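Letter by letter, the chains look like this.
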Amino acid sequence: MTSSTTIPHELIQVLRTAQAVTVLTGAGVSAESGLPTFRDAMTGLWSAYRPEDLATPAAFQRQPRLVWEWYAWRRSLAAQSHPNPAHHALVAMEQHVPAFMLVTQNVDNLHQRAGSRNVIELHGNLERVTCSVEHVVIEQWDAQTGVPPACPRCGSFLRPDVVWFGETLPALAFEQAIAATTHCDLFFSIGTSGVVEPAASLPRLAAQAGAAVVILNLDVTPYQRDGIFHLHGPAGTLLPDLVRRTWPDV
Ligand code: BV8
């Protein structure tokens, strides 16, 4: 197991010759865009709350206005932020690898804004809103109907199109993520604490399927195994460095 903030030459060789690369990302990839991660203490008016207490169906049931306003705040934060060098390095990696799949736990839309194309949204996307009863995406609604606004079709509350704790992941997205994880030469887990299931099991599934695994994270994560690469440091520095050294023509 290598644990370093420098890029092992062996990893550069593996990435340069890889035919299929799958990347799992978490909130740490967006940290250098200024977006708070789930482990960061909530700030300002949200400092009294924990994300895992607000990102649940029960919280929405109990306090729909509070949950809707929390997501509206996060949506505005994401809209004011910009993709950082980590996002851009993953776009460059996608352009150089024959079969590349990006599986993200993030709902901030920054991978898509950076230009990543093969993106699997495991936990949904803040940019989309659905009817909380019909579960269909709603593009337009009358803000005068209240907070949360009412579905123009059935009058129920609208909600963010994200997966809350206790909700199942979108079946197709999860199937695609499993397929990409078990059919790749090289699997990266980047900027995630590796706590939330079922996403947290993907690195182990990749290793069991024979892929080389890289855990790139600022802090140590629960997934510590021999035979995998551990890169400790900021994704916004390590990923561009890895891409530059793997494909010097970039
Ligand atoms: C499910 C969208 C089947 C919403 C998210 C009891 C009852 C019900 C369920 C459970 C239960 N016990 C366990 C479960 C399963 C539960 C779970 O795993 N809970 C955890 C807390 C134990 N999972 C679920 O409920 C999932 N569904 O299992 O369905 C089911 C159904 C019913 C009953 C049982 C089972 C659904 C989980 C999805 C939840 N939605 N997000 C929203 O965004 O508001 S999860 C959310 O937190 C994120 O999407 C992400 O997935 C997760 C963790 O966040 P991370 O991305 O890892 O961020 P974090 O802050 O944790 O870490 C950031 C890391 O980055 C840190 O390590 C840091 O060191 C690093 N970092 C920071 N800066 C940088 C950096 N790294 C590099 N560079 C930097 N610059």
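Draft legend 1. Fine view of the overall build of the chain. In terms of helices and strands, the chain carries nine helices and nine strands. Computed over C-alpha atoms, the radius of gyration of the chain comes to 19 Å, within 12% of the 18 Å expected from 2.2 N^0.38 for 250 residues, which places it in the range of a compact globule. Oriented by its inertia axes, the alpha-carbon framework of the chain measures out at about 60 × 35 × 30 Å. Excluding contacts between residues fewer than 6 apart, the proportion of contacts in the chain whose partners are at least 24 apart in sequence is 68%. As displayed, the chain has an accessible area near 11700 Å², and 54% of this comes from carbon and sulfur atoms. In the chain, the 16 positive side-chain charges and the 22 negative ones have mean positions that sit 2 Å from each other.

Draft legend 2. Here's a closer look at empty space enclosed by the protein. Within the structure shown, the criterion is met by one cavity of 30 Å³ or more. Taken as a whole, the largest cavity spans an internal volume of roughly 30 Å³. In terms of lining residues, the largest cavity is bounded by T104, N106, V107, D108, N109, L110, H111, Q112, E121, G124 and N125. Every element with two or more residues in the lining of the largest cavity is listed here: α6 (110-114) and β5 (124-131). The element best represented in the lining of the largest cavity is α6, accounting for three residues. Class assignment of the residues belonging to the lining of the largest cavity gives a composition of two nonpolar, seven polar and two charged.

Draft legend 3. Representation of the pairing of strand β6 (residues 158-162). In terms of residue burial, β6 counts as a mostly covered element, since four of its five residues are buried. Both β5 and β6 contribute to a ladder of five bridges, which runs antiparallel. Bridging from a neighbouring strand, C131 pairs with L158 of β6.

Draft legend 4. Spatial organisation of the environment of T237. Relative to the assigned elements, T237 resides in helix α9 (residues 235-246). Remark: the alpha-carbon pair of T237 and V29, spanning 208 residues in sequence, is separated by 11 Å.

Draft legend 5. Broad picture of the site of the ligand. The environment of the ligand is made up of 33 residues, and the closest members are R39, Y71, R74, Q105 and S193. At a separation of 2.8 Å, a nitrogen atom of the ligand approaches a polar side-chain atom of E32. Residue Y71 places a side-chain N or O atom 2.6 Å away from an oxygen atom belonging to the ligand. Of the residues that constitute the shell around the ligand, the class distribution is 15 nonpolar, 12 polar and six charged.

Draft legend 6. The arrangement of the state of the cysteines in detail. Applying the stated criterion across every chain, the model contains zero disulfides. Lacking any disulfide linkage, C131 is separated from the closest cysteine sulfur, that of C154, by 3.5 Å. For C131, a relative accessible area of 0% gives the class buried. For C154, a relative accessible area of 39% corresponds to the partly exposed category.

Rules behind the numbers
- Residues numbered from 1 in each chain as written.
- Predicted model: local features only at pLDDT ≥ 70, side-chain atom pairs only at ≥ 80, totals over all residues.
- Heavy atoms only, no water.
- Helix = DSSP H or I, 4+ residues; strand = E, 2+ residues; numbered from the N terminus.
- Rg over C-alpha atoms; globule rule 2.2 N^0.38 Å.
- Contact = heavy atoms within 4.5 Å.
- Areas by Shrake-Rupley, 256 points an atom, 1.4 Å probe, with all protein chains shown as cover.
- Lys, Arg positive; Asp, Glu negative; His and termini not counted.
- Charge placed at Lys NZ, Arg CZ, Asp CG, Glu CD.
- 1 Å grid on protein atoms, 1.4 Å probe; cavity = no way out; pocket = protein on both sides within 12 Å on 5 of 7 lines; lining within 4 Å.
- Points joined across faces, edges and corners; volume = space filled by probe spheres on them.
- Nonpolar A, V, L, I, M, F, W, Y, C, P; charged D, E, K, R; others polar.
- Buried < 20%, exposed > 50% of the residue type's maximum accessible area, 1.4 Å probe, protein only.
- Pairing = 2+ DSSP bridges.
- Near = heavy atom within 4 Å.
- Polar contact = N/O pair within 3.5 Å; in protein donor to acceptor, adjacent residues only side chain to side chain.
- Disulfide = S-S within 2.5 Å.

Everything listed here is a matter of coordinates, which is why it stays silent on function.
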